[in-house]
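Structural overview for review
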Amino acid sequence: MKLEFKKDALLNGINIVSKAIPSRTTMSILECILIDADASEIKLTGNDMELGIETKVEGSILERGKIALEAKLFSEIIRKLPDGDTPVSITSDNHFNTVIECENAVFNIQGRDGEEFSYLPYIERDQHISLSQFTLKEAIRQTIFSISPNDSSNKMMAGELLEVKDDFLKVVSLDGHRISIRNIQLKEHYDNHKVIVPGKTLSEISKILTGDNEKEVLIYFSKNHILFEFDDTVVVSRLIDGEYFKIDHMLSSDYETRVKLNKRDFMDNIDRAMILIRDSDRKPIIMNVEDSNVNMRVKSAFGSMNANVPAHKSGKDIMIAFNPKFLLDALRVIDDEDVELYMMNPKSPCFIKDEEGSYIYLILPVNFI
């Protein structure tokens, strides 16, 4: 095999597929990146058996072939090569001895037989939806913080629900203390689908997506896998098996208090309050909603803070307390200038949502007495 690349193109491809390289594995072949130039194009692949990523890289095929190179070593070598227009040459022989050259830099490393590598599972491409890269990237950003990636007691909390109904896509995440929901209007009508996608998959996809509103992502569904196709990249992930939490009964539209605040003012005061709070303290921020004002206060071992935020209130006065981080996480991903909070009583969930229902954030209150 003999190939030539521009350094930037090759490094970009390596960075994309490296997101599917496991940090620990008992199968050493999974620590490799597959270079496949057996056909008329060059593909790089990373696969940890749960998440697989394949991307096309522009380059010249002087001699066809395939080889697997240890991902970390390969990445570091290409990263350290000279910048400029001099091509990067990769040559391997029948014993998988590999030479990587660029200008006066020459590396000799040992590769592995590409036939040992585990290819991505085959997915029938008939059941799919389409949306813009921007929309998918935003939906992930606005929900991913609510998953529990380290929660071994319930694997559902480590994933997000993707539910397609006609021309709507609903994205849901939760961690037992809060729920994040994004409702997205699709351009076409599709068959119904309901799958649970690992949070790791969505997090890695969001890093690869350009966020271009003019470029599309095609999402294909199968019984056990989901496939994302965009630009020159394909991402295949195993789904989380099981029934997702029934949350509809928690999404009541009833409320006793509705308050509208300037998001920036609200966030700034929560941010200031958090200066006095440590994770070990778990001190809440207490909100006293009265007429045209929300009084916010916190008291910890480090001191106290008291602040007032102008507000438009309808309904009853209420005093309620929250974990300030949960409020801040939701507010940071909302793009509106003003936000509306809906509350029933100090023991019931608070909803932050817009009138169209494009986003809904449910946050459970905490005791403050």
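What this report covers is the structure whose coordinates are included nearby. It should be emphasised that the depicted structure is a prediction, and the values quoted were computed from it without experimental measurement. (Residues numbered from 1 in each chain as written. Predicted model: local features only at pLDDT ≥ 70, side-chain atom pairs only at ≥ 80, totals over all residues. Heavy atoms only, no water.)

Once that is clear, we can look at the overall build of the protein. A count of helical and extended segments in the protein gives 6 helices and 24 strands. Here the protein holds 369 residues, and the buried ones make up 50% of them. Long-range pairs, those at least 24 residues apart, make up 67% of the contacts in the protein with a sequence separation of at least 6. Surface summary for the protein: the accessible area is close to 18600 Å², and the carbon and sulfur share equals 46%. One way to put it: in the protein the 45 positive side-chain charges average out to a point 6 Å from where the 61 negative ones average out. (Helix = DSSP H or I, 4+ residues; strand = E, 2+ residues; numbered from the N terminus. Buried < 20%, exposed > 50% of the residue type's maximum accessible area, 1.4 Å probe, protein only. Contact = heavy atoms within 4.5 Å. Areas by Shrake-Rupley, 256 points an atom, 1.4 Å probe, with all protein chains shown as cover. Lys, Arg positive; Asp, Glu negative; His and termini not counted. Charge placed at Lys NZ, Arg CZ, Asp CG, Glu CD.)

On to empty space enclosed by the protein. Here the structure, examined in full by the defined rule, presents 1 cavity of 30 Å³ or more. The computed volume of the largest cavity comes to approximately 40 Å³. Lining the largest cavity are Leu136, Ala139, Ile140, Leu162, Leu169, Val171 and Leu202. Those elements giving two or more residues to the lining of the largest cavity turn out to be helix 3 (133-141) and strand 12 (159-174). Here the lining of the largest cavity is composed, by residue class, of 7 nonpolar, no polar and no charged. (1 Å grid on protein atoms, 1.4 Å probe; cavity = no way out; pocket = protein on both sides within 12 Å on 5 of 7 lines; lining within 4 Å. Points joined across faces, edges and corners; volume = space filled by probe spheres on them. Nonpolar A, V, L, I, M, F, W, Y, C, P; charged D, E, K, R; others polar.)

In this section: the pattern of salt bridges. A full pass over the atoms with the stated rule returns 25 salt bridges. A salt bridge links Glu41 to Lys43; the nearest nitrogen and oxygen atoms lie 3.6 Å apart. By relative accessible area, which is 30% here, Glu41 ends up partly exposed. Salt-bridge contacts for Arg178 lead to Asp175; the nearest nitrogen and oxygen are separated by 2.9 Å. (Salt bridge = Lys/Arg side-chain N within 4 Å of Asp/Glu carboxyl O.)

Bringing the nonpolar core into the picture now. In this structure, Ile35, Phe74, Ile78 and Phe228 are the most contacted members of the largest nonpolar core, which totals 57 residues. With sequence-adjacent residues up to four places away left out, Ile35 is seen in contact with Met1, Leu3, Ile42, Lys43, Leu44, Gly65, Lys66, Ile67, Leu69, Phe74 and Ile90. In terms of nonpolar packing, the next biggest core, distinct from the first, is built from 37 residues, Ile270, Met287, Ile320 and Ala330 among them. (Core = buried A, V, L, I, M, F, W, Y, C linked by side-chain atoms within 4.5 Å.)

It is worth spelling out the pairing of strand 21 (residues 318-322) at this point. Of all 5 residues in strand 21, 4 are buried; the element is thus mostly enclosed. The pairing of strand 18 (residues 285-290) with strand 21 spans 5 bridges and is classified as antiparallel. If you follow Ile285 over to strand 21, its bridge partner there is Phe322. (Pairing = 2+ DSSP bridges.)

Summarising the element assignment, Glu163 is placed in strand 12. When its relative accessible area of 13% is taken as the criterion, Glu163 is described as buried. Beyond its immediate sequence surroundings of up to four residues, Glu163 is in contact with Phe168, Leu169, Lys170, His193 and Lys194.

Take helix 2 (residues 71-80) next. Because the α-helix completes a turn every 3.6 residues, residues three or four places apart line up on one side. Of the positions making up helix 2, those classed as buried are Ala71, Phe74, Ser75, Ile77 and Ile78. Down the axis of helix 2, the buried side of the element spans an arc of 165°, and every buried residue falls inside it. Those residues of helix 2 that are exposed and aimed more than 90 degrees away from the buried face are Lys72 and Lys80. On its buried face, helix 2 sits against helix 1 (7-17), strand 2 (32-37), strand 6 (65-70), strand 7 (88-92), strand 8 (97-102) and strand 9 (105-110). (Arc of directions from axis to C-beta.)

This paragraph deals with the pairing of strand 18. Along strand 18, 5 of the 6 residues are buried, which leaves the element largely enclosed by surrounding structure. Pairing of strand 18 with strand 19 (residues 293-300), which is carried by 5 bridges, proceeds in the antiparallel orientation. Its bridge partner lying in strand 19, Glu290 is registered against Asn293. Linkage of strand 18 to strand 19, two consecutive antiparallel strands, is achieved through a turn of 2 residues, within which Asp291 is found at a positive phi near 45°.

For the rest of this paragraph, the subject is the environment of Ala330. Here Ala330 is to be found in helix 6 (residues 324-332). On the accessibility criterion, Ala330 (2% relative accessible area) is buried. The contact partners of Ala330, leaving out residues within four places of it in the chain, are Phe145, Ile352, Tyr361 and Ile363.

Spatial ordering of the open sheet is given by 10-6-2-3-4-16-15-14-11, a layout of 9 strands whose pairing is antiparallel. Looking along the sheet, the strands with just one partner apiece sit at the ends: strand 10 (112-113) and strand 11 (128-132). Of the strand pairs in this sheet, strand 2 and strand 6 are connected by 6 bridges, and their pairing is antiparallel. If you follow Ile33 over to strand 6, its bridge partner there is Leu69. Strand contacts of helix 1: strand 2, strand 3 (42-47), strand 4 (51-57) and strand 16 (233-238), with the helix running at about 170° to strand 4, the strand carrying the most contacts. The sheet contacts of helix 2 involve strand 2 and strand 6, and relative to strand 6 the element is tilted by about 95°. (Axes fitted to C-alpha atoms, helices over the stretch in contact; angles between N-to-C directions.)

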